[in-house]
Amino acid sequence: MLHPNPDKMKGMPEPVDVHVGRRIRMRRIWMQVTLTALADAIGVTFQQVQKYEKGTNRIGASRLQQIADALVAPISYFFEDMPGAAPVGGDNRNGQKKLQPEIVEFASSDEGLALISAFSQITDKRVRNRILGLVNALAKQDPAYARY
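Residues numbered from 1 in each chain as written. Predicted model: local features only at pLDDT ≥ 70, side-chain atom pairs only at ≥ 80, totals over all residues. Heavy atoms only, no water.

Student: Just give me the short version of the overall build of the chain, but keep the residues and values in it.
Tutor: From N to C terminus, the chain includes seven helices and zero strands. Starting at the N terminus and ending at the C terminus, the chain contains elements arranged as α-α-α-α-α-α-α. Accessible surface, the chain as shown: approximately 10800 Å² in total, 57% of it carbon and sulfur. (Helix = DSSP H or I, 4+ residues; strand = E, 2+ residues; numbered from the N terminus. Areas by Shrake-Rupley, 256 points an atom, 1.4 Å probe, with all protein chains shown as cover.)

Below you can see the structure in the form of structure tokens.
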């Protein structure tokens, strides 16, 4: 029999719901789909999609399938790189390294998605390397970077 988790605080979203919501948001923005367009495609309000993306409302299996279809992604995409879900050693089943939670969080932010989208459009490898050098130099000037 399942028992409620006594450590869970009332009103706090479960980590899996937050992770799936971030992955939905990341995919939606990457696919250039608006909140309203996704909401219309799955038959809910844009506010409901916002709640899904924040993890405050859980997503049922059939709704997640609708979202996956609308965003042209397999359901497994929304669970990839979930903290605490990798096998021992940090590799996933394909032998790829698991992404750090900070990377997933950054990649699902507005700034991260904009940076990734713009950077991926640059085809000249030398330009990409120069941009990377600039970003590294700027990061090293940031006191918060010193911990890395």
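Student: Account for the packing of aromatic side chains, naming residues and giving values.
Tutor: Counted by the stated rule, this structure contains one aromatic pair. Seen from their ring centres, Tyr-77 and Phe-78 are 5.3 Å apart, and the 85° between their planes marks the pair as edge-to-face. Residues Tyr-77 and Phe-78 agree in their burial class; the two are buried. Against the face of Tyr-77 rests Arg-23, its NZ or CZ located 4.1 Å from the ring centre. Here the guanidinium or amino end of Arg-27 rests over the ring plane of Tyr-77, the centre of that ring lying 5.6 Å away. (Phe/Tyr/Trp six-rings, centres within 6.5 Å; stacked < 30°, edge-to-face > 60°. Buried < 20%, exposed > 50% of the residue type's maximum accessible area, 1.4 Å probe, protein only. Lys NZ or Arg CZ within 6 Å of the ring centre and 35° of its normal.)

Student: Summarise a nonpolar patch on the surface; cite the residues concerned and give the values.
Tutor: On the surface, Trp-30, Met-31, Val-72, Phe-106, Leu-115 and Ile-116 cluster together into a nonpolar patch covering about 550 Å² of accessible area. In this structure, Met-31 sits in the loop between α1 (15-30) and α2 (35-42). Owing to a relative accessible area of 34%, Met-31 belongs among the partly exposed residues under this scheme. (Patch = residues over 30% accessible without salt bridge, like charges linked within 9 Å, V, L, I, M, F, W, Y side chains within 5 Å. Salt bridge = Lys/Arg side-chain N within 4 Å of Asp/Glu carboxyl O.)

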